[in-house]
Amino acid sequence: MKPFRYERATEAGAAVAALGSSPRARYLGGGTNLVDLMKLGVEQPDLLVDVTALPYDTVERTSAGGLLIGAAVRNSDLAADHAVRTRYPALSQALLAGASGQLRNAATVGGNLLQRTRCPYFQDPGKPCNKREPGTGCPAREGVHRELAVLGASPSCVATHPSDMAVALAALDAAVRVRSRSGTRTVPVAGLHRLPGGSPERDTVLDHGDLITHVELGAVPEAADSVYRKVRDRASYSFALVSVAAALRVDGGTVRGVRLAFGGVAARPWRARTAEERLLGAPATAESFARAVDAELAPAEPLRDNAFKVPLLRSLTVRTLTGLTGLTERDGDGGPHPEGPWETP
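Here the structure is a predicted model, which is why all the values come from computation and not from measurement.

Draft legend 1. A look at the overall build of the protein. For the protein, the count of helices and strands is 11 helices and 12 strands. Relative to the globule expectation of 20 Å for 345 residues, the C-alpha radius of gyration of the protein, 20 Å, shows essentially globular dimensions. For the protein, the spread of C-alpha atoms along the principal axes amounts to about 65 × 50 × 35 Å. For the protein, the share of sequence-separated contacts (at least 6 apart) that also reach a separation of at least 24 residues comes to 62%. Only carbon and sulfur atoms are counted for the fraction: they give 50% of the accessible area of the protein, which is about 14900 Å².

Below, the structure is given as structure tokens:
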């Protein structure tokens, strides 16, 4: 462990100013990712600015019918929130699918969004990695890449973003409020993370010193009929090989609303907009779902050992949407169809 200074911020402006004082300073929330990276020698901050005392630890209902989630809310508390469980079930399920209960009790919403890749080359300072040290190369392309990206990768990087929560938030059109030295702005979660291109060291569109203060969720019509499904190598405490967050609204056998995002396949949560466009107005059938997912996955460029992710994600998405069809089909009086085959946890 390298020596570092520690400051505890009690006001957002002071936190932003403190971080801006050094290019190697970092915000500290739950520390479940940052502290691990410090132990590995990947992160070597000279200053930690503790932001857990800032007043961003509540979940509030908005006048527009959505939720305003503080960045310091713990993952376990957000997953258990009644409004989240009933109005945005995919978000609750995604949180519960990530890490252990002990980690969820410590991890914060803001930190979850900003956690860094678990690519083994990134996490090992003894190996070259363009994301950790630009210009050194990406040995994962020819090396160990079974769990890495099949969409949106580049010759510079094939890392994947590890957050389950971010996938659900991307599907639900969430946005983050960001505080910086120049003021505040709002960034859609689906546009928060960057594809690697030629600059894989930049994970997000945020600048150094930018502080996420809240996550905004709108009143999404399909959100109450949403699920998160994840395929992993073991039943728990494992990152996604592939995952899908889906929300669906069906009326008269036709898709009237749909939201899809994929995890485990790219450097950011992958909002499946091509599939969504193909599905709107289409029959709510497994065949329609498969054609739409095939169109979304057509640009995939798998590597030697991760080509299995493409058919795996296709099957997972079709099965998820088919199950949701039973939940969201409407009967004659407009109520939920009583024979829906899907059970959400």
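Draft legend 2. Representation of the sheet that holds strand 2 (residues 25-28). Read across the sheet, 3 strands follow the order 1-3-2 without closing on themselves; strand pairing throughout is parallel. With one partner strand each, in any of the chains shown, strand 1 (5-8) and strand 2 form the two edges of the open sheet. Averaged over neighbouring strand pairs, the angle between their axes works out to 25 degrees when direction is ignored. By the bridge criterion, 4 bridges tie strand 1 to strand 3 (residues 47-50) in an arrangement that is parallel. Paired with Arg5 across the two strands is Leu47, which belongs to strand 3. Packing against the sheet, helix 1 (residues 12-20) makes contact with strand 1, strand 2 and strand 3, and its axis sits at approximately 145 degrees to strand 2.

Draft legend 3. The sheet that holds strand 12 (residues 270-271), seen in detail. Spatially, 4 strands are ordered 9-10-11-12 in an open sheet, and the strand pairing comes out antiparallel. Both outer strands of the open sheet, strand 9 (226-231) and strand 12, are each paired with one neighbouring strand and no more. In the sheet, strand 11 (residues 254-263) pairs with strand 12 via 2 bridges, with the strands oriented antiparallel. Paired with Ala261 across the strands is Arg271, a residue of strand 12.

Draft legend 4. Geometry of the state of the cysteines. If you walk through the whole model with that rule in mind, you get 0 disulfides. Free of any disulfide, Cys129 has its nearest cysteine sulfur in Cys119, 5.9 Å distant. Not engaged in a disulfide, the cysteine Cys138 finds its nearest cysteine sulfur in Cys157; these two sulfurs lie 5.5 Å apart.

Draft legend 5. Molecular detail of the nonpolar core. Judged by nonpolar contacts, the single largest core of 41 residues is most densely connected at Ile69, Leu78, Leu91, Leu113, Leu169, Val176 and Leu217. It is helix 8 (residues 165-171) that provides the largest number of residues to this core, a total of 7 residues. If we skip the residues at most four places from it in the chain, Leu78 touches Val59, Ile69, Val73, Val84, Leu91, Leu95 and Val109.

Draft legend 6. Highlighting the pattern of salt bridges. Within the structure shown, the criterion is met by 21 salt bridges. Arg116 is the partner of Glu43 in a salt bridge, and the nearest nitrogen-oxygen pair spans 3.7 Å. Taken together, the residues Glu43 in the loop between helix 2 (34-40) and strand 3 and Arg116 in the loop between helix 7 (109-114) and helix 8 connect sequence positions 73 residues apart. Since its relative accessible area comes to 16%, Arg116 is described here as buried. Ionic pairing is found between Asp173 and Arg271, a salt bridge with its closest N-O pair at 2.6 Å. On the criterion of sequence distance, the pair formed by Asp173 in the loop between helix 8 and strand 6 (175-180) and Arg271 in strand 12 is long-range, its members being 98 residues apart. With a relative accessible area of 10%, Arg271 lands in the buried category. Each of the salt bridges in this network shares a partner with another, and the network as a whole consists of Asp173, Glu222, Arg249, Arg259, Arg271 and Glu276.

So, how was this worked out
- Residues numbered from 1 in each chain as written.
- Predicted model: local features only at pLDDT ≥ 70, side-chain atom pairs only at ≥ 80, totals over all residues.
- Heavy atoms only, no water.
- Helix = DSSP H or I, 4+ residues; strand = E, 2+ residues; numbered from the N terminus.
- Rg over C-alpha atoms; globule rule 2.2 N^0.38 Å.
- Contact = heavy atoms within 4.5 Å.
- Areas by Shrake-Rupley, 256 points an atom, 1.4 Å probe, with all protein chains shown as cover.
- Pairing = 2+ DSSP bridges.
- Axes fitted to C-alpha atoms, helices over the stretch in contact; angles between N-to-C directions.
- Disulfide = S-S within 2.5 Å.
- Core = buried A, V, L, I, M, F, W, Y, C linked by side-chain atoms within 4.5 Å.
- Buried < 20%, exposed > 50% of the residue type's maximum accessible area, 1.4 Å probe, protein only.
- Salt bridge = Lys/Arg side-chain N within 4 Å of Asp/Glu carboxyl O.

So far we have only geometry, and geometry alone does not tell us how the molecule works.
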